[in-house]
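Descriptive analysis of the structure
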Amino acid sequence: MSETCPCCSGKQYSLCCQPFLNGEAIPASAEQLMRSRYSAYVKHNAAYLTQTWHPSKRGDGMETLLSESFAGTEWLGLNVTRCNHGSHENEAFVTFFARYLEKARTSSLYECSRFLREDQRWYYVDGTTPALGRNDRCPCGSDKKYKKCCG
């Protein structure tokens, strides 16, 4: 039986993010890169995460720090809520909600990530936390109000 991709696309891992993480293909869109980066966190692939971070944002020892951060964190799910073009064709934004378990506590990451394409490759640059009101629909995908769900 084939493994479902950790990025929650519903596709087989071998047909979704695995070719990116193995270096056999490069993501054609910012959303593909974001999903493959999530899969890299699940699979503890610090090298891929470092390679897909924009060169201007990479720090010394980043791969080691990422590897150390994997211990004790279990990623539980991803929901991509929005994909937008940026101010030019080589900029894009992907908003997502990811849940994880760390130190026996469930937490979440809600981010609008910024991506840039250079030399036909997409890179993660940075992210911001979108504003979310108590009565807004929860970004986890439950269709409940945020205050009655993950809030």
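Report follows, based on the coordinates. (Residues numbered from 1 in each chain as written. Predicted model: local features only at pLDDT ≥ 70, side-chain atom pairs only at ≥ 80, totals over all residues. Heavy atoms only, no water.)

Mapped onto the secondary structure, S67 falls in helix α4 (residues 62-69). Since its relative accessible area comes to 39%, S67 is described here as partly exposed. C-alpha of S67 to C-alpha of K57: the two residues are 10 residues apart in sequence and 17 Å apart in space. (Helix = DSSP H or I, 4+ residues; strand = E, 2+ residues; numbered from the N terminus. Buried < 20%, exposed > 50% of the residue type's maximum accessible area, 1.4 Å probe, protein only.)

Attention now goes to helix α2 (residues 30-43). The first and last C-alpha atoms of α2 sit 20 Å apart over 14 residues, in line with the 20 Å expected at 1.5 Å per residue. Here α2 has its buried residues at A30, L33, M34, R35, S36, R37, Y38, S39 and A40. On its buried face, α2 is in contact with α1 (18-21), α3 (46-51), β1 (73-85), β2 (91-102), β3 (105-118) and β4 (121-128). Backbone geometry just after α2 places H44 at a positive phi near 60 degrees. (Expected span 1.5 Å × (residues − 1). Contact = heavy atoms within 4.5 Å.)

Another point: the nonpolar core. One recurring pattern in soluble globular proteins is that nonpolar side chains are buried together. One finds C17, L21, M34, L78 and F115 to be the most contacted residues of the largest nonpolar core, which totals 30 residues. Apart from residues no more than four positions distant in its own chain, M34 is found in contact with L78, V80, V94, F96 and F115. (Core = buried A, V, L, I, M, F, W, Y, C linked by side-chain atoms within 4.5 Å.)

Below, the discussion takes up the layout of surface pockets. Taken as a whole, the largest pocket spans an internal volume of roughly 370 Å³. What lines the largest pocket is a set of 18 residues, among which Y41, W75, F96, L109 and E111 lie closest to the centre. Residue assignment for the lining of the largest pocket shows that the elements contributing at least two residues are α2, β1, β2 and β3. Split by residue class, the lining of the largest pocket holds 12 nonpolar, three polar and three charged. (1 Å grid on protein atoms, 1.4 Å probe; cavity = no way out; pocket = protein on both sides within 12 Å on 5 of 7 lines; lining within 4 Å. Points joined across faces, edges and corners; volume = space filled by probe spheres on them. Nonpolar A, V, L, I, M, F, W, Y, C, P; charged D, E, K, R; others polar.)

Both trends apply: most residues other than glycine have a negative phi, and most peptide bonds are in trans. Phi at A104 is positive, roughly 60 degrees, even though this residue is not glycine. In this fold, A104 is placed in the loop between β2 and β3. Overall, A104 belongs to the exposed group, its relative accessible area being 79%. Even without a glycine there, the phi angle at D119 is positive, about 50 degrees. As for its position among the elements, D119 is in the loop between β3 and β4.

Attention now goes to the pairing of β2. For β1 and β2, the ladder comprises 11 bridges, and the chain directions are antiparallel. Pairing of T73 across the sheet is with E102, part of β2. In this sheet, β3 lies alongside β2 in antiparallel orientation, the contact comprising 12 bridges. By the bridge assignment for β3, F93 is matched with R114. (Pairing = 2+ DSSP bridges.)

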